[in-house]
Structures are given as structure tokens and as C-alpha cells.
Amino acid sequence: MRPFIVKAIFQREMLDMVRDRRALISMVVVPLFVFPLLISVMTRIIPRIQEKSQTEAKSASIAVHVTTPGLRPALEQAGMKVVEADDLKAAVLNKTVSAGVEETPGTPPAIQIYMDNANTTSTATGDRIREVLLDARNKQVRESLKSSGLDPQILTPYTVVRTNIAGDKKMSGAAWGSMLGYVLLLLMFTGGMYPVIDMTAGEKERKTIEAFLASPARRSEIVLGKTLAAAIATLATAALTLGSLVYSVKNNASKLQGGAGSANAGQIMGTIPLDAHSLALITAALVPMALFAASVMFAIALIARSYKEAQTYLMPLVFVVIFPALLGGLPGLEFSHALYLIPIFNTSQIIHGVLLGDVNMVNYGITLAANLVYAGIAFFLATRMFQDERVLFRS
Amino acid sequence: MIHVDNLSKTFRDPKRGIHHAVDGVSFEVRPGEVFGLLGPNGAGKTTTLRMLATLLTPSSGTATLNGFDIVREPGKVREQIGFLSGDMGLYHRLTPRETLHFFSKLNCMEPGPASKRIAELLTMLDMNSFADVRGDKLSTGMKQKTAIARALLHDPPVLILDEPTSGLDVPTARTIESAVMAAKRAGKCVLYSTHVMEEAEYLCDRIGVISSGKLKTVGTMGELRAATGKERLREIFLDLLGLTAA
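No experiment lies behind these values; they were computed from the predicted model shown. (Residues numbered from 1 in each chain as written. Chains lettered and ligands numbered in written order. Predicted model: local features only at pLDDT ≥ 70, side-chain atom pairs only at ≥ 80, totals over all residues.)

(A) Layout of the overall build of chain B. Each helix and strand counted, chain B has nine helices and 10 strands in total. For chain B, whose C-alpha radius of gyration is 18 Å, the value lies close to the compact-globule estimate of 18 Å for 246 residues. On the principal axes, the C-alpha backbone points of chain B span a range of 50 × 40 × 40 Å. Among the 246 residues that make up chain B, the fraction classed as buried is 47%. Considering only contacts within chain B whose residues lie at least 6 apart along the sequence, 66% involve residues at least 24 apart. (Helix = DSSP H or I, 4+ residues; strand = E, 2+ residues; numbered from the N terminus. Rg over C-alpha atoms; globule rule 2.2 N^0.38 Å. Buried ≥ 20, exposed ≤ 12 C-beta atoms within 10 Å, placed from the backbone. Contact = placed C-beta atoms within 7 Å.)

If you want it as C-alpha cells, here you go:
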């Protein structure tokens, strides 16, 4: 293996890559713009839709079939416009009214709220009606107790309060860790896909491979130079994804709501637990993964005769990537050391652990070693295939 | 020199079965000689050249190029050859200058001598006007000149050229023919495959005609004329293939 030949091949591939529009889109444009765009939509459009629904719900038209005294006035006092309708369900479904309220006689009578959950205004109106009716019921109960000479406090002999002691950093790690690993790994594969296709099937399709193979460069040097360039593409995609995601969330932290299921979700998401130590651990875990991804994709794409054929072969790999990454979410899964031998799964779990500040260094070591071994095997296979004339000159 | 000894290549195809692309071909090419390899499409020319360039492994037989065996020492063989494939095969996103610099590194040339050699070739093949234009913007002739320059770059003792003037206009073909003649004068051993009979007649010292994987004959123009009783190479070629000239 001659390093200067590997370097020359690596440099040419990198130059080719930065001049390839398709590779740049998958490596740079998608990671840089997808998250800012998604988060911008989430933080601007979704709150506006929710706000609009809630405003509409306050003065929405509703149809009411109730006999219990005080309910209809309570709804009217809350600002809702009560209109007449014979068939409440039909009126809600055809949007004549936003929601319907029907009382079924009995002891006690049952109040049914009809709403169309496919319509945000109807949902918000239904929620608003429920609030108004519960307030009216509580008021009625309190007044009944008072008139009977009882203290309304007897209804609440004690209060129940839940307190999260995890702290913002840990909560942030849990929120980020559950998704960052999957997103990073998925985009690493998709980001490296086009450069890999271009340097394998693309080279066959453009007929540049013959002159290259007739040069004094050894097959192993060619595969190493190309694989390193592909690994850089996957790592660049990961770095840009991480940077873009962190930047977008930090800049929109105050507008994020409900993401972590708590009131201060925005603050939690904005506190990304990425210090230099965590970043170094994640980067070190991603390097063997990038080499593995590049070698596997290289070996697969090499079989193809054309760019299109290589795309067909590599697309299912995206689903293969998602599956082990999602494995971590299975309920009741025991995280034994052996599980960290599963590629992709191990890296996503390590990223999760690092962000939680709870990474097991034995598992971390197993992950690095296993992924390096898999990368080595994939590289060996790719080199063997690159020496096979049936693969290189398949027609 | 090139010494080809009973070279054969068999492909196994699930649909077509066993196909003998090259069948016991033997010939030799001496230093300072241009050897023309002629044959109809599918005759086995490209497969022969690919085996000599170590891209394909022979099913049987072997060859030596400048003393190195294509089966046992493929790496050494590749250091001895300048290879031009029939498809040119240029990187679309690199300029001719970048392509030549890249191949100079693959051929282990030092940066200084490489730059000097590239400048020489750019001038010799009249490439200076497009040396810094990307491959996808070049005409067929410009691309072929670049491919020829790539083959000549490391001054190899053996040149293997597969249809180097195919699809080119007359002035560009002339430039490439001149480069081949210059290589011959410099003592290079040139194996030249072509479909253009006039070109083979003009350039080649000896000619081999290959058909259905077998080498039908080898000789100088004089020897081929004497053997067939025909004057022009086109007539000789058709006669050897058992066809009649129009």
C-alpha cells in the first residue's frame, strides 16, 4: 500500500465530489436546510394554526340539546354562539357547527360532546366546551355543598404533585438522544450514497474505470482512496446535520412547545448537552461507523452497471439502517453487552448514552471495536470485488 | 516488446453459454514497431488488448510486455504501458490538466518532471487552449487528445491503443497519428487497433487480422498482398474474412 497513491486517489475523489451537484445536495443542502426548514415550519406555522383554532373556538357556533339548567347559559357566557340543529352529528360533520352538546337523561344525566377531531377548530371547540361544562359542574357542586352547610374543601383532602428531579441537562439528553442517533445515522448513509455511487457504478457508466485500472495503482489502493473519500462524505453529512440541528433548535428554543412533554420543553431542547467531551465521544464513535457505511455501500454499488441500478440496490439499505436504530425503542429490551455488537444499533445507543451523560465505557469500547471489525470486513470484501473482472466489466 | 503466447479468453454466460472471445492468439510486437490489430466488431480485439493491459485475466496462455508477465506480474506490466481504451474514459468534472496531474501521481512521477512533461504534451497535441476546461465541456477530439496525452504521460515503452481515431475529424486524427509516429521513432512498441484501413496501411509496420477470436494472419503489407493477391488493405481484410469487396 503506497500512501501517496491513496492520497492522490482520495484527493481526486474529493475534488470530483465537491463538483458533483447530486452529491452536494445529499451531503450539504439536505443536512443544512432540512432541519432549519422543518423547525421553522414547526415554530411558525403550527403555533399559528393552534392559535387560530383556539380563537375560533372561543366564538364558535355550537348546537346544544340539553335540559339541565345553567348549562346553555354557561356556554353562551363563555362566548360561544348557540345555534339550532336537529341532527348534531351531521351538523358537526358538515361543518354547520364546530361542536355539538347532547344530554342523555338519567341519574345522573350524561353530557356528550360531539366533535370532529380531523378538524382543529372542532377539536379546540370541543375542548373549550368540556372546560366550560366542568367549571359549571364544579361551581354547582360547591354551591350545593355550601347550601348544605359543608366546606367545599372536603372534596380535596390532599393534593398530588409530580416533581421531575432529572434536571434540564438530563431531560435535554433524553429528548435529544432519542432522535439524534437515528437522524445522524440515517443521513450519514443517505449523504454518502451519491458519492459512493458516483465513484463505483458512475465510473463504470462513464467508462473511466478502464484507464484507471490500467494505471500502476493497486486495486487495494484504489478501494482505500475511494472508501476514505466516501467516509469523509458520510462524516461531513453527520457534522452538518448535527450543526444545523443544534443551530436551528437553539435559535428557536423559546418557540418550541411540548416537545419533551413539559412546560419548559423549549428551554430543555435549547440546552443541548454537547460539551467538548461529549462531542469527542460521539465523533470517535462515528468514525468507524462512517468507514463501515462507506465500505458496505461501496461493495453494494460496485455490483451495479449504472447509476440507476446502484440507486435501486442502495435504497433498501436506508430501511436496513432504520430497523436496528429503532430497535433501541423496543419495550423490555435488556441492553446486554452482546447487543452492542449489532452495527448501527450500537452507535445510536452510544449517542443516546453520551447525551444522557450515562455512557457505559465497556459498551462504548465494544461498539468501537465491533464497528472497526465490520468496517475491515466490508473493506476486504470491497477490495476482493474490485479485483473480480466479472464485477468490474459486468455487461 | 510485446510477446503474446497462445492467449485465450473464455466467458461463461448463463444465456449464451461458453463464449471463446479470444482463442489461442500469438504474435509479437518489436520496439520501434507499430502493430495493427484489425478485425470486425466482436472479433476479440478489445478483449485481447484488455488482457494485455491486465484488466482481464487470460483463461489460458500468457503474454509478456517489456519482459513482465501479464499473469504473474500485472503491477509491473501496468508500469510499462500507456493504455487508451476504446471509450476514452475521461473524468467529466476534471480538466485535462487536472486529469494529467492525477495520472502522473498514479504513475509515481515527481511533481517537477510531471509538470514539465504535461506542458510538453499540451503543446505537442495542441491542447493549451482547452487544458483548463472541464471534461464535460470538451468536444470528442479534445477528449481523445487528452486520453492520448494520458497514455503518453509517463513515457511508457509500450503503447496499447484501442481505436484512437474513432469518430474524430481529419485534423485531430492527423495529430494523433503524428503522436503515434513520434512514439514509434522514439523506439516505443505500439499495439494499435483500428477499423480505419487507410490509417492501418499508413501507420502500421505489420498487421494482424483477428476474426471470431482467432488470429487469421500476421504480416507486413507486402506479405499480406503476396498472400492474398489483393492490393488494398480493405480488399485484403475482406478476403481474409471470406467476404468480397463491393
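(B) Structural view of the pairing of strand β8 (residues 189–193) of chain B. All names here are of chain B. Among the five residues in β8, five count as buried, and that is most of the element. Burial along β8 is two-sided: the residues Cys 189, Leu 191 and Ser 193 and Val 190 and Tyr 192 are all buried. With four bridges connecting them, strand β3 (residues 34–38) and β8 associate as parallel partners. Within β8, the residue paired with Val 34 across the bridge is Val 190. Both strand β7 (residues 158–162) and β8 contribute to a ladder of five bridges, which runs parallel. Its bridge partner being in β8, Ile 160 is matched across the sheet by Leu 191. Handedness of the crossover joining β7 and β8 through helix α6 (residues 170–185) is recorded here as right-handed. (Pairing = 2+ DSSP bridges. Right-handed = clockwise from strand over helix to strand, strands pointing away.)

(C) Highlighting the interface of chain A and chain B. Counting residues at the interface gives 19 residues for chain A and 23 residues for chain B. Of all the elements in the fold, those that place two or more residues in the side of chain A that touches chain B are α1 (3–18) and α8 (209–213) of chain A. With five residues, α1 of chain A is the single largest residue contributor to the side of chain A that touches chain B. Its residues placed into classes, the side of chain A that touches chain B shows eight nonpolar, two polar and nine charged. (Nonpolar A, V, L, I, M, F, W, Y, C, P; charged D, E, K, R; others polar.)

(D) Here's a closer look at the sheet that holds strand β1 (residues 2–13) of chain B. Residue and element names in this part refer to chain B. Read across the open sheet, the four strands follow the order β2-β1-β4-β5; overall the sheet is antiparallel. This sheet does not close on itself; its edge strands, each paired only once, are β2 (17–29) and β5 (68–69). Relative to strand β4 (residues 60–65), β1 runs antiparallel, the two being bridged by five bridges. Along β4, the bridge assignment pairs Val 4 with Ala 63. In the packing of helix α1 (residues 45–52) onto the sheet, contacts are made with β1, β2 and β4, and the angle to β1 comes to roughly 115 degrees. (Axes fitted to C-alpha atoms, helices over the stretch in contact; angles between N-to-C directions.)

(E) Looking closely at the pairing of β4 of chain B. All names here are of chain B. Bridging between β4 and β5 involves two bridges; their strand directions are antiparallel. Following the sheet pairing, Leu 65 is matched in β5 by Phe 68. The hairpin formed by β4 and β5 contains two residues between the paired strands, and Asn 66 there has a positive phi angle of roughly 50 degrees.

(F) Main features of α1 of chain A. Between its first and last C-alpha atoms α1 of chain A spans 22 Å; for 16 residues at 1.5 Å apiece the expected length is 22 Å, and the two agree. Ile 5, Val 6, Ala 8, Ile 9, Phe 10, Arg 12, Glu 13, Asp 16 and Met 17 of chain A are the residues of α1 of chain A that are buried. (Expected span 1.5 Å × (residues − 1).)

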